[in-house]
Amino acid sequence: MDSARPLVKGIFDKRTFSIQYVVSDPATGKCAIIDPVLDFDEKSGATATKNADAILAYVENERLTVEWILDTHPHADHFSAAPYLKEKTGAPTAIGSRIVEVQEIWKGIYGWPDFPADGSQWDRLFAEGETFSIGSIPVQVLFSPGHTLASITYVAGDAAFVHDTLFMPDSGTARCDFPGGSAARLWTSIGDILALPDETRIFVGHDYQPGGREPLWESTVAEQKATNTHISKCRTEAEFVALREGRDKTLPMPKLILHALQINMNGGHLPAPDANGGRHLKFPLNALKHAVWE
Ligand SMILES: N[C@@H](CCC(=O)N[C@@H](CS)C(=O)NCC(=O)O)C(=O)O
Ligand SMILES: [Fe+2]
């Protein structure tokens, strides 16, 4: 069915190796934005909206109407631009309902007993299996925990936005060592994604350009099954867990994890300004156990 084949525009952010998506319905001109990045320079503390403005320029050029601003999970490597895009478009923001569990973990890490861990920072929290639409394109929400507790996959017609579960076949899979992560759970989530029809288009959330190749973000279920470097090597959950956990032990934390989680657990809202109008981040010391140094 043509109407169930959305047009997918990927916009690559070189700083964070993230792919942000505009998913549109050719029949109605309605679209959703998935995983938009708010630019941040940790050296100067400056934020910028270059990526989000590129998304808005595309939306305007294509004469699209934004229906949804979606995040797949609370990102550990960049700030979400969802609040900025909501301000510009009026569209509602959404994420998976298990965000409340992630908020609970991180309010402990940041020492914020009064932080409302209720998901009220988004307009909509999606439950497992819930459906909604982008114009005439049906979208189904699959829970895909593993990389984070709250990770979800949006299956929009024939396109699955899997973000940090599978990466491109030559890159393998996402790490599972953040608080609340689980390699065993990621194995099951990947099984659910690979149970989609073979021709389903798979759009990933990051591409770290192995070997320095150009950035890529689209594959299919069939290609992932046949050639994903982590999946094709593993026949059992135990084999996958050993491979994934072995690799995770070698990975330093993302350089922005402590910057990003406090913003992304708050729906992407920057901290409220103090009496002098300045906004400040807070860093817990020695809170992430067993983190590897660079
Ligand atoms: N070097 C990057 C690492 C980012 C990172 O850890 N990315 C996660 C997704 S949020 C991942 O799964 N990485 C897999 C890998 O590095 O193999 C940074 O500092 O931001
Ligand atoms: Fe991630």
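Refer to the structure printed above.
Residues numbered from 1 in each chain as written. Chains lettered and ligands numbered in written order. Predicted model: local features only at pLDDT ≥ 70, side-chain atom pairs only at ≥ 80, totals over all residues. Heavy atoms only, no water.

### Remarks on the overall build of the protein chain
So, step 1. Helices and strands together make up the secondary structure of the protein chain, namely seven helices and 15 strands.
So, step 2. Computed over the C-alpha atoms, the radius of gyration of the protein chain is 18 Å, within 12% of the 19 Å expected from 2.2 N^0.38 for a compact globule of 294 residues.
So, step 3. Taken over the C-alpha atoms alone, the protein chain extends approximately 55 × 45 × 35 Å along its principal axes.
So, step 4. The proportion of buried residues among the 294 residues of the protein chain is 53%.
So, step 5. Once local pairs closer than 6 in sequence are excluded, the contacts in the protein chain between residues at least 24 apart make up 66%. (Helix = DSSP H or I, 4+ residues; strand = E, 2+ residues; numbered from the N terminus. Rg over C-alpha atoms; globule rule 2.2 N^0.38 Å. Buried < 20%, exposed > 50% of the residue type's maximum accessible area, 1.4 Å probe, protein only. Contact = heavy atoms within 4.5 Å.)

### Considering the site of ligand 1
So, step 1. Neighbouring ligand 1 are Asp77, His147, Asp164, Phe167, Ala174, Arg175, His206, Tyr208, Arg247, Pro254 and Lys255.
So, step 2. At a separation of 2.9 Å, an oxygen atom of ligand 1 approaches a polar backbone atom of Lys255.
So, step 3. For ligand 1, the accessible surface in isolation is 500 Å², of which the surrounding protein chains cover 79%.
So, step 4. Broken down by class, the residue content of the shell around ligand 1 amounts to four nonpolar, two polar and five charged. (Near = heavy atom within 4 Å. Polar contact = N/O pair within 3.5 Å; in protein donor to acceptor, adjacent residues only side chain to side chain. Areas by Shrake-Rupley, 256 points an atom, 1.4 Å probe, with all protein chains shown as cover. Nonpolar A, V, L, I, M, F, W, Y, C, P; charged D, E, K, R; others polar.)

### Considerations on the sheet that holds strand E1 (residues 7-13)
So, step 1. Spatially, six strands are ordered E1-E2-E3-E6-E8-E9 in an open sheet, and the strand pairing comes out mixed. Both edges of this open sheet fall to E1 and strand E9 (124-126), since each of them pairs with a single strand only. Going across the sheet, the axis of each strand differs from the next one's by a mean of 25 degrees, ignoring polarity.
So, step 2. With seven bridges joining them, E1 and strand E2 (residues 18-24) adopt antiparallel strand pairing. Across the sheet, the residue bridging to Leu7 is Ser24, located in E2.
So, step 3. Contacting E1, E2, strand E3 (30-34) and strand E6 (65-70), helix H1 (residues 50-61) crosses the sheet at an angle of about 155 degrees to E1. (Pairing = 2+ DSSP bridges. Axes fitted to C-alpha atoms, helices over the stretch in contact; angles between N-to-C directions.)

### Focus: the coordination of the iron ion (ligand 2)
So, step 1. Distances from the iron ion (ligand 2) to its protein donors, namely His73 (NE2), His147 (NE2) and Asp164 (OD), fall within the range 2.0 to 2.3 Å.
So, step 2. Given four donor atoms and angles of 91 to 169 degrees at the metal, the environment of the iron ion (ligand 2) is assigned as irregular.
So, step 3. Taken in sequence order, the residues that donate to the iron ion (ligand 2) follow the motif H-x73-H-x16-D. Of the two residues, His73 is situated in the loop between E6 and strand E7 (79-80) and Asp164 in the loop between strand E13 (159-163) and helix H4 (183-194); the sequence distance between them amounts to 91 residues. Each member of the pair, His73 as well as Asp164, is classed as buried. (Donors = N, O, S within 2.8 Å, 3.2 Å for Na, K, Ca; no water. Tetrahedral: all angles 85-135°; square planar, octahedral: opposite > 155°, others 65-115°.)

### As for the environment of Pro26
So, step 1. The residue Pro26 is located in the loop between E2 and E3 in this model.
So, step 2. For Pro26 and Leu64, which are 38 residues apart along the polypeptide, the C-alpha to C-alpha distance reads 9.3 Å.

### Quick notes on the pairing of E3
So, step 1. Across the five residues that make up E3, a large majority, four, are buried.
So, step 2. Both E2 and E3 contribute to a ladder of four bridges, which runs antiparallel. Counted as the bridge partner of Val23 is Ala32 from E3.
So, step 3. Hairpin connection, E2 to E3: the antiparallel pair is bridged by five residues, and Gly29 has positive phi, about 75 degrees.

### Section: the packing of H1 against helix H2 (residues 82-89)
So, step 1. One way to put it is that H1 packs onto H2 with a least axis distance of 10 Å and a crossing angle of 35 degrees. Classified by chirality, the crossing of H2 by H1 is right-handed. Contacts between H1 and H2 involve Ala52, Asp53 and Leu56 on the former and, on the latter, Tyr84, Leu85, Lys88 and Thr89. (Left-handed = near helix turned anticlockwise from the far one by under 90°.)

### Considering the sheet that holds strand E12 (residues 152-156)
So, step 1. In spatial order, the strands read E10-E11-E12-E13-E14-E15; together these six strands make up an open sheet with mixed pairing. The sheet is open, and its two borders are formed by strand E10 (131-134) and strand E15 (218-220), each paired with just one other strand. The mean angle between the axes of side-by-side strands here comes to 30 degrees, regardless of whether they run parallel or antiparallel.
So, step 2. Across three bridges, E12 lies against E13 in antiparallel orientation. Bridge pairing links Tyr154 to Phe161 in E13.

### Describing the nonpolar core
So, step 1. By size, the foremost hydrophobic cluster in this structure holds 43 residues, and its most contacted members are Trp68, Leu70, Phe126, Phe132, Ile134, Tyr154 and Phe161.
So, step 2. Per element, the largest residue contribution to this core is six residues, and it comes from H4.
So, step 3. In contact with Leu70, other than residues within four places in its own chain, are Ala32, Ile33, Ile34, Asp35, Pro36, Ala94, Phe126, Phe132 and Tyr154.
So, step 4. If you look at the next biggest cluster of nonpolar residues, it comprises 23 residues, including Leu56, Tyr58, Leu64 and Ala260. (Core = buried A, V, L, I, M, F, W, Y, C linked by side-chain atoms within 4.5 Å.)

### Digging into unusual backbone geometry
So, step 1. Positive phi values are uncommon outside glycine, yet Phe17 reaches one of about 55 degrees.
So, step 2. Within the element layout of this structure, Phe17 appears in the loop between E1 and E2.
So, step 3. One non-glycine residue, Asp35, adopts positive backbone phi at about 55 degrees.
So, step 4. Among the secondary structure elements, Asp35 is positioned in the loop between E3 and strand E4 (37-41).

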